[in-house]
Amino acid sequence: IQYLGRLDHQVKLRGQRIELGEIDAALLTQPGVREAVTLLRDDLGTPQLVAYLVADEAGLDVTQLQANLTQTLPAHMLPSTLVELAALPLNPNGKLDRKQLPRPQLEQVEDRLEAPQGEAERRMAERWAELLEIPVELIGRDSHFFRLGGHSLLATVLLARLRQEYGQAPALRQLFEQPTLRAFSALLGTPMGSAAAELTPQPRPERLPLSYEQQRLWFLERLATGSGEYSINTALTLTGKLGVEALRQAFETLVERHAILRSRLQDDGQGGQLLIDAPATFHLPVEEHAGDPVQWAEYQRQVAEAESRRAFDLSHEHPLRVRLVRSAGADQALLLLSLHHCAADGWSLQVLLDELAAGYRAALEGRRVELPTLPVQYVDYALWQRSEARQQVYRQQLEYWQKTLENGDYRLELPTDLPRPASLDNRAGTCFAQVPAALAERLRRFAREREVTPFMLLLAGLKLFLGRYSGQQDLRIGTPVANRRLQAVQPLIGCFVNTVVIRSDLAPEQRFGDYLVQVRQAVLDAQEHQDVPFEQVVEHLAPERDLAHTPLFQVAFVMQNSTRAALQWPGLRLQPLDIRSPAAKFDQNWEVHDDGENLSVMLEYRASLFHETTMQAWLGQWLAFLEQLPEAVDTPLAQLTPLSEADRQLQLQHWNDTMRSYPGPATLGEALALQAQHNPEAPALVFEGETLGYADLHRRADRLAQALAAQGIG
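Residues numbered from 1 in each chain as written. Predicted model: local features only at pLDDT ≥ 70, side-chain atom pairs only at ≥ 80, totals over all residues. Heavy atoms only, no water.

Inspection of the entire model under this criterion finds 23 aromatic pairs. Taking the centre distance of 5.2 Å and the plane angle of 90 degrees together, the rings of F145 and F146 count as edge-to-face. Take F145: its relative accessible area is 0%, and that puts it in the buried class. Between F251 and F282, the aromatic rings sit 5.4 Å apart at their centres with planes inclined by 15 degrees, giving stacked as the arrangement. In this pair, F251 is assigned in helix 9 (residues 244-257) and F282 in the loop between strand 11 (273-276) and strand 12 (286-289), connecting sequence segments 31 residues apart. (Phe/Tyr/Trp six-rings, centres within 6.5 Å; stacked < 30°, edge-to-face > 60°. Buried < 20%, exposed > 50% of the residue type's maximum accessible area, 1.4 Å probe, protein only. Helix = DSSP H or I, 4+ residues; strand = E, 2+ residues; numbered from the N terminus.)

Put into structure tokens, the structure is as follows:
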């Protein structure tokens, strides 16, 4: 059998699947294009998308065509080169002959973009290319950072590298406001937003303090001992020939390199201290599953969820726990990783997997892994936090949060299925949904058009959705921020993540386009004031804790931008296994995963407040609500509803249809006479020891009626 390719011409470029037909369809909608076909060519130095065009009688305006495509196609689907032909080559059967499409000349590739000018633009183009993993030849003076695939996390990395290189860097807001290479590079020659905050190895006192992030998490951990609420659990199915000893060596190198992974926490009455143990031989527990291979998939899930419920004893054990389960009947193994949040965050997990992959490859090849020397360790960050310079930054940012949030007694009053308990119950429920591919692409395109990130758009949509359910105009949702604005901390494993609260006002008359601008502004403001530890904000605004509510916000929104590079190991195919969280930190936590190709949503909720059927319905309603947004720029917020027409009819008509057939007496007198006939002695009235039966009551009522009638009453 000879494999000739896919009929739908699906290709993969830089880890993302692309339907070439979708690019052709977009090209054919452009003025001046009569025919179009796109190829992925690998004979141009690097794999590139090349579009071949035949113009109609009006001719092609290539510059305008390129500008139009940036508004209709995502960055990974933009052709690198446009080639105009008099006609597309055909085979003897009259069908397109793709093999005869000419290789673009070098000048055609270079002429597509206006090349960077000056040293600043050339160096910035190199930084963008390295960060976005695209050829530098694809970046011109008017290239747009976010349309090339940039997002907030990559922007954070870029600014950190600029601070390291230049001693200062523009603010994140300036990258959003001036996102082209030409405009952003020009900022390097002007006074910029933030000078470098120096983080270098610190003198080590006898007592090593915890970071503020560690202090908060340790406090919360002891508040809910044994819940597993602050564990980061990862399960990976490994298919192929696994070198167990190489894997053990990779973990040993990892733990030796990152001291935080061999640390313990001790209560010393001063906020806790960190104890770091010396490097030692790493023990990798290996178990064999000798059961039926057919049951292996279910067994993996059971083992992974059981492991996720195991709590850490941080005073006596290290914050990294590893377990390997091999299947005797299948060429597979299950790798279980548990990290306590005191020593890691989501960014750390990516660092861990990247370094583990590099260490595993090196161990298989019988060599020591070569990784850049870490500039600092996590304990240096904890000590640096307590410097007077950092305390001054925190005090200034507290003033911003005081002004923005005003008070700490905010409650988002969502309708619940069950009454709220007097103290938080962290039992979790979880439901999932996949965003339809067409909707995901519409949302990405709309976000580009409105100059916002997908995170900002989805956050705005969630606030509107929950605002309609709560009936509240003041909406506050919490979201984590990486808090890795310093180059020195970006390669570290540790807990740097902080939490910020995004507040916005859902004025009913406000148009959605204006509201989106408000959310964008609120997100950028929060990003600029993300350094002060969240626990200090809580202590400042809400010193009195309510055990029934989390402080400052009750619903969280997270967007994860992940990469698959860390899942490419020699001789192995790695597949993440979804694990349901055993504990809920908030009333609701909406988490969107974006792997560059697909959008998926996980909704974690307190099972003590909501039923699974309700949350699954809300999840479906939210996706349907998002469908409205790209066409709602000029729509007042009051007119946007999360309810479908069927739901509206259910509420307005079906639930309000209370008319019932009642065949009984039409008046009270008739009812009394009927009861006196059927149950004359039954008690009808009891007053001060005297009881009247229905017959007596009926006679007295009849006499009273006659007396009133004689007086002309009634």
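Moving on, we come to the sheet that holds strand 4 (residues 48-55). Strand order across the open sheet formed by three strands is 3-4-5, with mixed pairing between neighbours. Each end of this open sheet is capped by a strand with a single partner; those strands are strand 3 (33-41) and strand 5 (81-85). Here the strands of the sheet are splayed against their neighbours by 25 degrees on average, with no regard to which way each runs. Here eight bridges tie strand 3 to strand 4, and the two strands are oriented antiparallel to one another. Looking at strand 4, one finds that V37 is bridged to Y52. On the sheet, helix 1 (residues 20-28) packs against strand 3 and strand 4 and is oriented at approximately 150 degrees with respect to strand 3. (Pairing = 2+ DSSP bridges. Axes fitted to C-alpha atoms, helices over the stretch in contact; angles between N-to-C directions. Contact = heavy atoms within 4.5 Å.)

A word on the environment of T404. Residue position: T404 is located in helix 13 (residues 388-405). Look at T404 and you get partly exposed, because its relative accessible area is 22%. Along the backbone, T404 and V501 are 97 residues apart, and their C-alpha atoms lie at a distance of 9.4 Å.

With that out of the way, let us pick up the side chain of T550. Relative to the helices and strands, T550 resides in the loop between helix 17 (534-541) and strand 18 (555-561). Polar contacts involving the side chain of T550 include one to the main-chain carbonyl oxygen of F553, which spans 2.6 Å. The contacts of T550, once residues within four sequence positions are left out, are L424, K585, F586 and R606. (Polar contact = N/O pair within 3.5 Å; in protein donor to acceptor, adjacent residues only side chain to side chain.)

With their axes 10 Å apart at the nearest point, helix 15 (residues 454-470) and helix 18 (residues 612-628) run at an angle of 120 degrees to one another. The pairing of helix 15 with helix 18 is recorded here as oblique in orientation. Relative to helix 18, the crossing made by helix 15 is right-handed. Of the residues in helix 18, those in contact with L458, G461, L462, L464, F465, L466 and Y469 of helix 15 are W618, Q621, W622, F625 and L626. Among the residues making up the contact of helix 15 with helix 18, the classes are represented as 10 nonpolar, two polar and no charged. (Parallel < 35°, antiparallel > 145°, perpendicular 65-115°, else oblique. Left-handed = near helix turned anticlockwise from the far one by under 90°. Nonpolar A, V, L, I, M, F, W, Y, C, P; charged D, E, K, R; others polar.)

Treat this as a map of the structure, not an account of what it does.
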